[in-house]
Amino acid sequence: MPMQKLMVLIVIGLSGCAGSGREASPSPGIWAAAERPPRDLAIEVTVFDSVGEQSPSLGGSARFVIEPDGQLRAEIGDGVSLDHLPPRTRLLSDAQMVDVYHRLVRSGLDGGLDGSPLPSRDIPETIRPRVVISVVAHDARSEAMYDPTSNPAVVRLVGRLRSLARLRD
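All of the points below concern the structure found in this document. Predicted, not measured: the structure shown is a model, and the values here were computed from it.

This part is about the nonpolar core. Counting residues in each nonpolar core, the largest one holds 29 residues, and the members touching the most others are Val45 and Ile133. Counting residues per element, the ones that place at least two in this core are β1 (42-48), β2 (62-66), β3 (71-76), α2 (94-107), β6 (130-137), β7 (140-146) and α3 (152-165). Here the element with the most residues in this core is α3; it accounts for eight residues. Judged by nonpolar contacts, the second largest core, of five residues, contains Phe48, Leu82, Val132 and Met145.

Right, here's the structure in full:
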C-alpha cells in the first residue's frame, strides 16, 4: 500500500475515534444554541443600584442565584455583595429554568457579550448602577459587568428574576 494512502486511512481512523464518546468543547457563549439548559447550569445576577435610591428600571439592589437543581436564592437591599449567598426563595420549575436560560442565551448575556469582563471581584462601589452576571456551565465560567442604562436585556432579565423571587409566574 502506498504511504500516502496509509496516512489518509490513519487520519480518517483517528478522526472517527476522536469523536466517539466525547463532547466537543463549548463554543463562545458557553452553550451555543441548545434548547435545554446544561445540567450544571448555575447563574448569579447581582444588581448594584444607586445607594439610597432605586432606579425605576432595576427596582433597587438585589442578588439572585440559581443553582443547578433549580433552587432560586434571592436577597434585596443595599447590602448585597458578590460573596454572600442569599437565602433560598423557591424551587424553579423546568419551564422556568428553560425560560431564564433562553433569556440569557438570546440576549448574549451568557458569554459576556456587550459586557465588560471583570478583572477581579473587587469592583469600586462608585460604579453604579451596574449588574454583574456570572454563568457556570460545562466546567466553564463567564462573568461580566453590565451598564443597565444601555442594555435593556439586562433590565428584562432582572425584572424576570424579581418576578420569580416574589413567587409569581
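Now that the structure has been shown, the text picks up again.
Among the seven residues in β7, five count as buried, and that is most of the element. One ladder, built from seven bridges, connects β6 with β7; its direction is antiparallel. Opposite Ile133, over in β7, you have Ala144 as the bridge partner. Between β6 and β7, which pair antiparallel one after the other, the connecting turn spans two residues, and His138 there sits at a positive phi close to 50 degrees.

This next bit is on the pattern of salt bridges. Within this structure, the stated rule accounts for five salt bridges. One salt bridge connects Glu67 with Arg73, and the closest N-O pair in it is separated by 2.6 Å. Residue Glu67 is classed as buried on the basis of its relative accessible area, which comes to 18%. Given the relative accessible area of 11%, Arg73 is considered buried. In this structure, Asp99 engages Arg103 in a salt bridge whose closest nitrogen and oxygen atoms are separated by 3.0 Å. Taken as a pair, Asp99 and Arg103 lie in helix α2 at a separation of four residues, close to a single helical turn. You can call Arg103 partly exposed: its relative accessible area is 33%. Overlapping salt bridges bring together Asp99, Arg103 and Arg160 as one network.

As a further point, take the environment of Ile76. Structurally, Ile76 can be placed in strand β3. Residue class for Ile76 comes out exposed when judged on its relative accessible area of 66%. Expressed as a C-alpha distance, the spacing of Ile76 and Phe64, which sit twelve residues apart in the sequence, is 8.8 Å.

Evaluation of the coordinates by the stated rule reveals zero aromatic pairs. The lysine or arginine in question, Arg130, covers the ring of Phe48, its NZ or CZ lying 3.9 Å from the ring centre.

Relative orientation and spacing of two packed helices are given, respectively, by the angle between their axes and the distance between those axes. Look at α2 against α3: their axes get within 10 Å of each other, and the N-to-C directions meet at 170 degrees. With respect to each other, α2 and α3 are oriented roughly antiparallel. Judged by residue contacts, Gln96, Asp99, Val100, Arg103, Leu104 and Ser107 of α2 engage Ala153, Arg156, Leu157, Arg160, Leu161 and Leu164 from α3.

Conventions we followed
The residue numbering used here restarts from 1 in each chain and proceeds along that chain's sequence as written. Where local features are concerned, this predicted model is filtered to residues with pLDDT of at least 70; where side-chain atom pairs are given and counted, the filter is 80 or more; whole-chain, interface and lining totals use all residues. Side-chain calculation: all heavy atoms of the structure are included, whereas hydrogens and water are not. Among buried residues, those of type Ala, Val, Leu, Ile, Met, Phe, Trp, Tyr and Cys that are joined through side-chain atoms within 4.5 Å constitute a nonpolar core. Using a 1.4 Å probe on the protein chains alone, a residue whose accessible area is under 20% of its type maximum counts as buried, one over 50% counts as exposed, and one in between counts as partly exposed. Each helix corresponds to a stretch of at least 4 residues labelled H or I by DSSP, and each strand to a stretch of at least 2 residues labelled E; elements are numbered beginning at the N terminus. In this scheme, strands are said to pair when DSSP sees at least two bridges between them. Take a side-chain nitrogen of Lys or Arg and a carboxyl oxygen of Asp or Glu: if they are within 4 Å of each other, that pair is a salt bridge. Side-chain rings of Phe, Tyr and Trp (the six-membered ring for Trp) are treated as a pair once their centres are within 6.5 Å; stacked means planes under 30 degrees apart, edge-to-face means over 60, and tilted covers the remaining angles. Any Lys NZ or Arg CZ that is within 6 Å of a ring centre and within 35 degrees of that ring's normal is treated as a charge sitting over the ring. In this analysis, axes come from line fits to C-alpha atoms, helices being fitted only over the stretch in contact, and the angle between any two N-to-C directions falls in the range 0 to 180 degrees. Relative orientations are named as follows: roughly parallel for angles under 35 degrees, roughly antiparallel for angles over 145 degrees, roughly perpendicular for angles from 65 to 115 degrees, and oblique for any other angle. What makes two residues a contact is simply this: any of their non-hydrogen atoms within 4.5 Å.

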